[in-house]
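Understanding the architecture of this molecule
Here's the letter readout for the chains.
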Amino acid sequence: MSRDRPLELTVNDQPVESAAPEERILLDFLREDLELVGTKRGCDLGTCGCCTVWVDGRPTLSCLTLAHLVKGRSVTTIEGLAPPTRLTALQRAFVEHGATQCGFCTPGFIMTASALLRDHPHPSRPQILRVIGGNLCRCTGYTKIIEAIEAVAREST
Amino acid sequence: MHLDPFELHQPATVDEALCIYRDHAGDADYLAGGTDLLPNYKMHLNLRRHLIALGGIPELGGIALGRLGSMTRLADLEGSGPVAGAYPGVAEAVAEVATPLVRASGTVGGNLMLETRCFFFNQSRFWRASLGYCLKAEGAVCHVVPQKEKCYATFSGDLAPALAVLDAEVEVATDRGRTRIPLIDLYDLRGDGIRRHTLPPSAIVVAVHLPPIARQRLGTYRKLRIRPAFDFPELGVAVAVRFEGSSVAELRVAVGGLETAPRRFDELTDPLAGQQLTEERIRELAGAITRSVRPVYNTFLPPDYRRRMTGVFVRRALVDLAPASSAAA
Amino acid sequence: MASPTPPSPTGPFRLLGHRIPYVEGPLKVTGRAEYTDDLRRPGMLVGKLLRSPWPHARLLSIDTRRARAMPGVVTVLTGERYPTPFGVLPITHDETAIAVGKARYIGDILAAVAAVDELTAERALTAIEFHIEPLPEYADPRVGAEPVAEPIHAPGLRGSNVQKEVVQHFGDVDAAFAQAAFTARVRCRFAGVTHAFTEPLVTLAEATPDGRLTVYSATQVPHYLHRTLSEVLHLPMHRIRVVKPEVGGGFGGKSDPLPHEIACAALSLETGRPVKMLLDREEIFYTNHGRHPTENVVRIAMDRDGHLLAYDIEALLEGGAWSSFGTVTTYYNGVLAMGPYRVPNFRYRGRRVYTNRPPSGAMRAHGGTNIRYSIEVALDELAEHAQLDPFDLRSRNALPPCSTTINQFRITSTSFLRCLDAARRASEWDTKFRCLPYGRGVGLGCGFYISGSNSPIHFTPVMPQSTVHLKIDMDGGITVHSMQADIGQGSNTLLAAIVAEVLGADLDRVHVQRVDSDVSPIDIGSYSSRVTFMMGNAARRAAEEIRARLVNAAAELLRRPPSELRVGHERIEVADQPQVAVSFLDALHKAMENSGALTASGSFSTQKLGGDFKGARAGTAPAYSFAAYVAQVRVDSETGMVTVEKVWAAFDCGRALNRLAVEGQIEGAIHMGLGQLLSETMNYRASRLMNPALLDYKILAPDQMPEVEVLLVGEDDPEGPFGAKEAGEGPLVATLPAVANAIYDAVGVRCRELPVTPDRLERLVRARRAEGYAWKEDR
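Cut-offs and rules
Along each chain, residue indices are assigned from 1 in the same order as the chain's sequence is written. Naming scheme: in the order in which they are written, chains are lettered from A and ligands are numbered from 1. pLDDT decides what is reported in this predicted model: residues at 70 or higher carry local features, side-chain atom pairs at 80 or more are listed and counted, and totals for whole chains, interfaces and linings draw on all residues regardless. Values shown for side chains rest on all heavy atoms present in the structure; no hydrogens or waters enter the calculation. Strand pairing is assigned whenever DSSP detects at least two bridges linking the two strands. Secondary structure is summarised from DSSP: a helix means a run of H or I of at least four residues, a strand means a run of E of at least two, and numbering begins at the N terminus for each. As a per-residue measure, pLDDT tells how confident the predictor is, with possible values from 0 to 100. We call two residues in contact when some of their heavy atoms are within 4.5 Å. Salt bridge, as used here: a side-chain nitrogen of Lys or Arg that lies within 4 Å of a carboxyl oxygen of Asp or Glu. Burial classes follow relative accessibility: with a 1.4 Å probe on protein chains only, a residue under 20% of its type's maximum area counts as buried, one over 50% as exposed, and anything between as partly exposed. Summed over both partners, the accessible area lost on bringing two parts together, with a 1.4 Å probe, is the buried area. Residues adjacent in sequence count toward polar contacts only when both atoms are side-chain atoms; beyond that, a polar contact is any pair of N or O atoms within 3.5 Å, and within protein one must be able to donate a hydrogen and the other to accept it. Where each domain starts and ends follows an automatic or database-derived domain assignment.

Further remarks concern the sheet that holds strand E2 (residues 57-63) of chain C. Residues and elements named next belong to chain C. The antiparallel open sheet is built from three strands, whose spatial order is E4-E2-E6. Edge positions in the open sheet fall to strand E4 (102-103) and strand E6 (129-134), since each of these has one partner strand only. Across two bridges, E2 lies against E4 in antiparallel orientation. In the strand pairing of E4, Arg58 is matched with Lys102.

Residues and elements named next belong to chain C. When pLDDT is averaged along chain C, the result is 96; 98% of the residues meet or exceed 70. pLDDT under 50 marks residues 1-7. Its contacts with residues more than four places away, or in other chains, come to 13 contacts. Predicted complex metrics record ipTM = 0.98 and pTM = 0.97.

Here the structure, examined in full by the defined rule, presents 114 salt bridges over all chains. For Asp37 of chain C, the salt bridge is made with Arg31 of chain A, and the minimal N-O distance between the two is 3.1 Å. With Asp37 of chain C in the loop between helix H1 (25-29) and strand E1 (45-51) and Arg31 of chain A in helix H1 (residues 26-33), this pair bridges two chains. Assigned by exposure class, Asp37 of chain C and Arg31 of chain A land together as buried. A salt bridge links Glu78 of chain B to Arg103 of chain B; the nearest nitrogen and oxygen atoms lie 2.9 Å apart. Placement of Glu78 of chain B in helix H3 (residues 74-78) and of Arg103 of chain B in helix H6 (residues 100-105) is noted, with a sequence separation of 25 residues between them. With relative accessibility at 3%, the residue Arg103 of chain B sits in the buried group. Among the ionic contacts, a cluster of salt bridges with common partners joins Asp167, Arg217, Arg242, Glu244, Glu250, Arg252, Arg264, Asp266 and Asp270 of chain B.

Often, the extent of an interface is quoted as the loss of accessible area upon association of its parts. Listed per partner, the contact involves 30 residues of chain A and 32 residues of chain B. Interface area, chain A with chain B, both sides summed: about 2400 Å², of which 61% is carbon and sulfur. Counting across the interface, chain A meets chain B through three salt bridges. For the salt bridge of Asp76 of chain B with Arg58 of chain A, the shortest nitrogen-to-oxygen distance reads 2.7 Å. The tally of links between chain A and chain B comes to nine residue pairs in polar contact (both at pLDDT 80 or more). Secondary-structure elements contributing two or more residues to the side of chain A that touches chain B are strand E4 (58-61) and helix H4 (125-131) of chain A.

What follows deals with the domain arrangement of chain B. Residues and elements named next belong to chain B. The domains assigned to chain B are domain 1 (1-56), domain 2 (57-212) and domain 3 (222-321). Domain 1 and domain 2 are separated by 16 Å when their C-alpha centres are compared. Every contact between the two is made by 22 residues of domain 1 and, on the other side, 31 residues of domain 2. Both faces combined, the contact of domain 1 with domain 2 buries some 2100 Å², and carbon together with sulfur accounts for 61% of it. Across the domain 1-domain 2 interface, the total number found is one salt bridge.

In this section: the side chain of Ser517 of chain C. Residue and element names in this part refer to chain C. Along the polypeptide, Ser517 turns up in the loop between strand E22 (515-516) and helix H15 (531-558). Given a relative accessible area of 15%, Ser517 falls into the buried group. In terms of polar contacts, Ser517 uses its side chain to reach the backbone amide nitrogen of Val242, at 2.8 Å. Ignoring sequence-local partners within four residues, the contact set of Ser517 consists of His226, Ile240, Arg241, Val242 and Met483.

What follows is about unusual backbone geometry. Residue and element names in this part refer to chain C. Look at the link from Gly339 to Pro340: it is a cis peptide, with omega at -5°. Structurally, Pro340 is set in the loop between helix H9 (326-335) and strand E15 (345-354). One non-glycine residue with positive phi stands out, namely Ala365, at about 65°. Looking at the secondary structure, you find Ala365 in the loop between E15 and helix H10 (369-385).

Let us look at the interface of chain C and chain A. Each partner contributes residues to the interface: chain C has 50 residues there, and chain A has 42 residues. Both faces combined, the contact of chain C with chain A buries some 3600 Å², and carbon together with sulfur accounts for 59% of it. It is Val29, Thr198 and Pro702 of chain C in chain C that bury the most area against chain A; as a group they hold 20% of the surface buried on that side. Linking chain C with chain A are eight salt bridges, by the criterion used here. One can count 18 residue pairs in polar contact (both at pLDDT 80 or more) joining chain C with chain A. For the side of chain C that touches chain A, the secondary-structure elements that each account for two or more residues are H1 and helix H17 (659-678) of chain C. Counting residues per element, the side of chain C that touches chain A draws most heavily on H17 of chain C, which supplies eight residues.

Structure (structure tokens):
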């Protein structure tokens, strides 16, 4: 017997009509059911930020969110941040400044930092440090991630 | 990591939520932001087959100077300029909870009702099974202080002490109706890591109410932890004080992260009303508080250190808040 | 082979030496880079592992019937099915994919299940029944170093749990100590630390009806995995295909062939279906293979003039349940003390002891971190005794270029003195050391690390350590194949840049292909800081071969002798008449007329290095990196909280071929080193790991990262590709002692036990005050 219940929401600006059991975690729903694998599974317990997506524009840990609790809402993943063949200014800066090494934490950082720059185009360094405080990077020591975010902040008008 | 199957309820009113709970008493949990409950569920800790999500209940929302709806997201509280300005200690405490991503989902009510924490409890089913489980979940023995009577899991919420020193009250909905109780009375120091609340399990925290006098108090919150992000408090010290001239009108000190419940030290601070907050009095108070707390070794840092730091943090907080003329240290 | 064309240029370079963004960067920032867990195959099953809840137990019987009978369960495997022992080192094969006969630590693998979904697989695990006999638990290596009742493996020395003992003595240490004017002795204890890469361990295996097995895995060393799969599963290597998708960090933790990789492949072979096995974070902590918990004692003798006379070192390493790289680790904890200073007398005794804990193994700056800490802290003490500035002590003893250490390490290039000079000046050391107010301080720590292990792990068959294949067809795209493993350090980018540099081609012509053992020539992978040096040389040779053919073709077109031509940007031109040229594509098409696509293979093998005594190969490398770091700290003496304000990192990696990547390695290594120093710990109570989670394993947060000023002062290495040496591991080792020595400068206490958590530091400061003597103006 299927325990699936209908689930309608918007993902990357597209309406999605699906179904899932009530205990389905948003991260699993995105990766397994919708095959949006750009969102990464790092720790599955909310302690690394690799799975960060936006729910109604707000960076959210998809590993600690029930899919059915975002019913009717708008979810944005790394795949939906820009048209598929284009990079955002922040994505370009991440590449140019060496802010991505192994790349596994990168989608989460991009989601977190893109929301910051959207809401505060010119964040201070302490503000940046605070906002990325829930995203873990084991490669970069954060230095170049911060530089990339600051570079975009400098360029934006 | 999947979750074991459960039924998800999404009531629209508090009464409906209470009703659902009653129907599944003993086999239901309320779900607020999920940042505490869902990791515990992923670790198969005290699973219930019914989850009652509170996010769809309008009455539990809303931020105002005098009232914080229990489903207020911590990030919204942090970002609310007027509230942060009126209650600097609360603003400091909320900004120190976990990480910005946790605060985006975590709620005021969730932080107040946070599950207690312990090395031997916050582990996977596999880990706990390898030790025969513990008193707090599925087992019969406490591994922190080996015995079978009392659970020593630590209360690790940051907001409770910060709100307690403002004489906040909580509005609670139960089967028997609505009540308002002092926030500090939510917690039962005579209980333990399991029986730590004075409320029945079905109760829902509706809102936190802050009295007007709270806005006249200076306040601060100091948190001991290894990292300035992620970590639960190894110690949290909240202080609020109102001066009349250079003397204390009211002083409140509360601590969290040390024992099974947060604690306020009115019996030590009330006698200071009308007194100057001299360096000596500050040291005496910090020493008395240090002597009265009893942390155990179930978090990252050892208890003797956390006790010593209790005195240091209390002293530093008071020195910072005291008028320059009274405390020199 | 004598080339008719001029050699590759020695610089300046068009690409190399500049800041080269990662070639796969755009895929990573858009979520389009493909990691193993992103792959799925039709009919794929979920693999799960049952793990031992016992630290040490004899497995008397296992009953899997109930589990097998559950709907949705496809197969259940126990250890007897594939019992062939394996291990990364051929001399210590003591692991099995699934436990055979005994469980040796909490987390050891007892059985593997393949089922239709995760929930079913987990339920099946709970239905497997064991009958066991508990055995004595060995958690303390000091206990295991003595004879024990029930050795964890075959009995070691005198019936103990000692896995490896190394004893070395060069010169006459006792005589040197007898004549020393100054001596220091430090005993340090180091908690175990682990890699904590962000990408979980994960493998996808697919056995197919043609008798082949394809294994996709998050690995740093596809070749060792390939060999091990063949040995344990009894399949010839040519019927196994190993593919390495993008890997989300390794730091040494994905360099052993790991039991879950083999178990996953075995499940696929048994079921004939694709099986994916994704480990959760707790399982990754149990898999470990992280830095060994260590206790060492370092004695140093120095003469009146500040010349080092002797080192006397003892190390006790806690190995956990398996050997892993441990034999190498045991050597490294002594021999990697041989630089960057001249040490005329040297004695070392190292022991590695099995315990009933998760295995220790290789982690970034493998074997060189803990011993470096003790040495550099001891030198700081010696400098103080001798009233020498720490910089002066070190520069007085620096190994010169083109020298040989007493244990016969060959030192070619060293810019260590330049490192010292740069760090001293940039940090304004002379105005700060012992001059900053109480609670603030600066400290110096230095570093030395191998640039690629000179000897491969496997000696048969004899083969190069790196091979790179190139193919250019008429489209002008340059396809690069190699089994080097990019795990985020930027080796794909370097490979592309070297090829493009040599050929004068635009970088976007070059496509580095995903590692696939069916098409990639063998490179022994990403460990021991070998990739830049060895792969770089192999790539350069392959590209030079193609280049010669392009130049010859251009010579025909231009009717000039090849010796008069040179390679320019996207063209080949007459050296003294650059306006006379043919385009890259025209030269290519000419060169292809008879042969079709141009292909070339370049390879690199190290020459024999080192002495002839037992263990002489350990630590030999074709080159070494050097470092001098100054850290500046602020210590809250009342709480023991340390803030690292800044690190000046002077590093000698020869010529930095990609400055962006080198800086990234240094900054990341400092972050990781600070974590080990200040807060990271594998926290055990007896055999039980108390913190198998990222919340409780304290990796430093962004706020705790100091400003880093990178000072790249290396001169060209004579044998490194374009003068380059390693920059992946060496940048870590100087971090820890620099900060520890800065803490001493700040508050006057020596940290002997890592991590230096605030409670430990606060206790040290209180103890110092209780002794009643002051430090700087703290009176």
